[in-house]
Amino acid sequence: MSFINDENKADLACTYAALILNDSNTPITAENIEALLSAAGVEVEGYYPKLFASVLEGKDISAALFGGNDSSSGSDSDSDSDSDSDSDSSSDSD
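Being a predicted model, the structure only gives us computed values, none of them experimental.

Calculation rules
- Residues numbered from 1 in each chain as written.
- Predicted model: local features only at pLDDT ≥ 70, side-chain atom pairs only at ≥ 80, totals over all residues.
- Heavy atoms only, no water.
- Core = buried A, V, L, I, M, F, W, Y, C linked by side-chain atoms within 4.5 Å.
- Buried < 20%, exposed > 50% of the residue type's maximum accessible area, 1.4 Å probe, protein only.
- Helix = DSSP H or I, 4+ residues; strand = E, 2+ residues; numbered from the N terminus.
- Contact = heavy atoms within 4.5 Å.
- Phe/Tyr/Trp six-rings, centres within 6.5 Å; stacked < 30°, edge-to-face > 60°.

Asks: What am I meant to see in the nonpolar core here?
Replies: Side chains of nonpolar character tend, in soluble globular proteins, to be buried together. Cys-14, Ile-28, Ile-33, Leu-37, Tyr-48 and Phe-52 are the most contacted members of the largest nonpolar core, which totals 14 residues. Those elements that place two or more of their residues in this core are α1 (6–23), α2 (30–40) and α3 (47–56). With 6 residues, α1 is the largest single contributor of residues to this core. With sequence-adjacent residues up to four places away left out, Leu-37 is seen in contact with Ala-13, Cys-14, Ala-17, Val-42, Val-44 and Pro-49.

See the structure below:
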C-alpha cells in the first residue's frame, strides 16, 4: 500500500490501538497504546501515543462511533419537552 506514508502509518496504528483497547475495556493511556504497538512490532514517534491518549483518555469511544447514550438522552429530553408543552397548553385553557 504505497499511499500509506510514515505519518499516516503512525495515525492508523494509534487509531487501531485505541479501538482495540476500547474493545477490550482497557483504559486508553499512552502506556497502553505504546505496549500494544510494541507487541505488534509497530514503531511510531514517541509523541503519537501521548497525543492520542490525551485526546481519547476517559472518553466513551463506542458512543462516539455508534451513537450510544448521546442519541437516547436526546430523545428523552424531547419527550420531556412534549410533556411540558402539554401541561402548558392545558393551563392556558383554564
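From this point, the discussion proceeds with the structure in view.
Asks: Looking at this structure, I do not really get the side chain of Thr-29. What am I missing?
Replies: Following the sequence through the fold, Thr-29 ends up in the loop between α1 and α2. By relative accessible area, which is 15% here, Thr-29 ends up buried. Setting aside anything within four residues of it in sequence, one finds Thr-29 in contact with Ala-53 and Glu-57.

Asks: Any chance you could explain the packing of aromatic side chains here in plain terms?
Replies: Aromatic ring pairs: the centre-centre distance and the angle between the two ring planes describe each pair. In the structure shown here, the tally under the stated rule is 1 aromatic pair. Relative to Tyr-48, the ring of Tyr-47 has its centre 4.6 Å away and its plane inclined at 25 degrees; by these criteria the two rings are stacked. Overall, the relative accessible area of 47% leaves Tyr-47 in the partly exposed class. In this structure Tyr-48 comes out as buried when scored by relative accessible area, which is 6%.

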